[in-house]
Amino acid sequence: MGLFITFEGPEGSGKTTVLRAVAAELEKVHDVVTTREPGGVETAEAIRNILLDGEGMDGRTEALLFAAARREHLVQKVLPALEANCIVLCDRFVDSSLAYQGYARQIGVEGVQRINDFAVEDHHPDMTIYLDIPAELGRERIAINQREQNRLDKEDIVFHDAVIAGYKELIAQNPGRFAVIDASCSVDEVVADVVSVVRQQIEKKSIEN
Ligand code: TMP
């Protein structure tokens, strides 16, 4: 029944670049679907525009919109791909809401968990790749790449440090699900490390089934 792998990390961790390269490698042998949150399907991309552009909004509204986009994307894209036995590589999932809204935005991790439990029911990732990078290096990379910054990217250093601290808590609470990859080395090395842990997960799942 497919394999659901999510990618998490702070700004500048190289998540999107790494995900694409990992997909290119896996596609040589497997059916792979790559996607992202918030977005991935039309309705969720529309919610993404509301979330990431424009002015600030109430923290709970923000969390609810991320959860709504997540639900639509899950139902329309992720679940059908898993049913078709694909490997789904998804750029961000529930952990992002826990780290960004729950911890960094400080609206309460438990509340964010509850609305996400409602949104995803019992559909959880088989494995979550966490691209581990110190906050300063992430900021340097963003500055060098001159990447277009969205509303959340523009939050201050305290916010981004809290995002990383939030992720560290989540990793401590879910050691079996997270694969923590050192993302401070070259893209090629990071991609090789991720491909290796994903291959182990594919093997594990095929033995289980
Ligand atoms: P991206 O930069 O990885 O495309 O993600 C978009 C932004 O949205 C990023 O700043 C992280 C943020 N985000 C949340 O705050 N909560 C969420 O649940 C998700 C999926 C993303």
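Our structure's up above, just so we're on the same page.
Residues numbered from 1 in each chain as written. Predicted model: local features only at pLDDT ≥ 70, side-chain atom pairs only at ≥ 80, totals over all residues. Heavy atoms only, no water.

Asks: Just checking my understanding: could you explain the pattern of salt bridges for this structure?
Replies: Any two side chains of opposite charge can pair, on the condition that their charged atoms come close. A complete count under the given rule lists 13 salt bridges for this structure. Notably, a salt bridge pairs Lys15 with Asp91, separated by 2.5 Å at the nearest N-O pair. Within this pair, whereas Lys15 is found in helix H1 (residues 15-26), its partner Asp91 is found in strand S3 (residues 87-91), the two being separated by 76 residues in sequence. Asp91 carries the same exposure label as Lys15, and that label is buried. We note a salt bridge from Arg71 to Glu121, for which the minimum N-O separation is 2.8 Å. Taken together, the residues Arg71 in helix H3 (residues 59-83) and Glu121 in the loop between helix H5 (109-120) and strand S4 (127-132) connect sequence positions 50 residues apart. By relative accessible area, Arg71 is classed as partly exposed at 31%. (Salt bridge = Lys/Arg side-chain N within 4 Å of Asp/Glu carboxyl O. Helix = DSSP H or I, 4+ residues; strand = E, 2+ residues; numbered from the N terminus. Buried < 20%, exposed > 50% of the residue type's maximum accessible area, 1.4 Å probe, protein only.)

Asks: Would you explain the side chain of Arg70 in this entry?
Replies: One can find Arg70 in helix H3. Dropping the residues within four chain positions of it, Arg70 is found in contact with Glu37, Phe93, Val94, Ser97, Asn116 and Val120. (Contact = heavy atoms within 4.5 Å.)

Asks: Quick question: what am I supposed to make of the environment of Val18 here?
Replies: Topologically, Val18 is positioned in helix H1. Taking relative accessible area as the criterion, Val18 reaches 3% and is therefore assigned buried. On a C-alpha basis, the gap between Val18 and Val195 in space is 9.8 Å, while along the polypeptide they are 177 residues apart. Discounting chain neighbours no more than four positions away, the residues touching Val18 are Phe7, Leu131, Val190, Val191 and Val194.

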